[in-house]
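Structural overview
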Amino acid sequence: MLILHDIENLFARRGAEQYSGEPVTQLEHALQSAWLAEQDGADDALVTAALLHDIGHLLNDQGETPTLRGIDDRHQFHALPFLRGLFQDRVLDAIAWHVDAKRYLCATRPDYWAALSDDSKRSLVLQGGVFTDEEAMRFMQRPHAQEAIRLRLWDDTAKQADLATPDLPHYLARARRCMLATDA
């Protein structure tokens, strides 16, 4: 299990890396996602999920833009063992389901796919493609599916070069408030 200090160190070590084919770094993407959640009135748990939703990319290094090599790094699941015990299921489920939320949105919103970045379109194929109607219905029955959809929408727009956001300590303070244990 990671503690907040470990998360801070991980972003310090790897946060400056380019975010797969996008005009932002890993840290900028995380901060922008959290900022968008905050601007949308999300509570600490969802802001934390937005901040940490792609931390699996940093924990499971597959090199630069793995989708170009046909690799799905399954980042949404790779992070969970490191965060379980630190945060509640609501945070973990939003992280776990944010990829499937993309598949759901492609199935249910006609213009959604066209607005995805090239890398998101490539990864969609590797992640199983657009949900069928039955898969979309089953997705919505999962715990916290609505939160995962909100997270996905913030994720999609958190790719803006030079967007000013609060810093990492600001969001780690919010994460601290929704931790399961106070000694981490």
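Below is a short write-up of the structure. (Residues numbered from 1 in each chain as written. Predicted model: local features only at pLDDT ≥ 70, side-chain atom pairs only at ≥ 80, totals over all residues. Heavy atoms only, no water.)

Their axes nearest at 10 Å, the elements helix 7 (residues 89–108) and helix 9 (residues 118–126) cross at an angle of 100°. With respect to their mutual orientation, helix 7 and helix 9 come out roughly perpendicular. The residues of helix 9 that touch helix 7, namely those facing Lys 102, Arg 103 and Cys 106, are Ser 120, Ser 123 and Leu 124. In the contact of helix 7 with helix 9, the residues fall into two nonpolar, two polar and two charged. (Axes fitted to C-alpha atoms, helices over the stretch in contact; angles between N-to-C directions. Helix = DSSP H or I, 4+ residues; strand = E, 2+ residues; numbered from the N terminus. Parallel < 35°, antiparallel > 145°, perpendicular 65-115°, else oblique. Contact = heavy atoms within 4.5 Å. Nonpolar A, V, L, I, M, F, W, Y, C, P; charged D, E, K, R; others polar.)

Between the first and last C-alpha of helix 11 (residues 145–157) there are 19 Å, a value that for 13 residues agrees with the 18 Å anticipated at 1.5 Å per step. Of the positions making up helix 11, those classed as buried are Ala 145, Glu 147, Ala 148, Ile 149, Leu 151, Arg 152, Trp 154 and Asp 155. Buried residues along helix 11 sit in contact with helix 2 (26–39), helix 3 (44–52), helix 7, helix 8 (112–115), helix 9 and helix 10 (133–140). (Expected span 1.5 Å × (residues − 1). Buried < 20%, exposed > 50% of the residue type's maximum accessible area, 1.4 Å probe, protein only.)

Formed by 53 residues in total, the largest nonpolar core has its most connected members in Ile 7, Leu 51, Leu 52, Ile 55, Leu 83, Phe 87 and Phe 139. At ten residues, helix 7 tops the list of elements feeding residues into this core. (Core = buried A, V, L, I, M, F, W, Y, C linked by side-chain atoms within 4.5 Å.)

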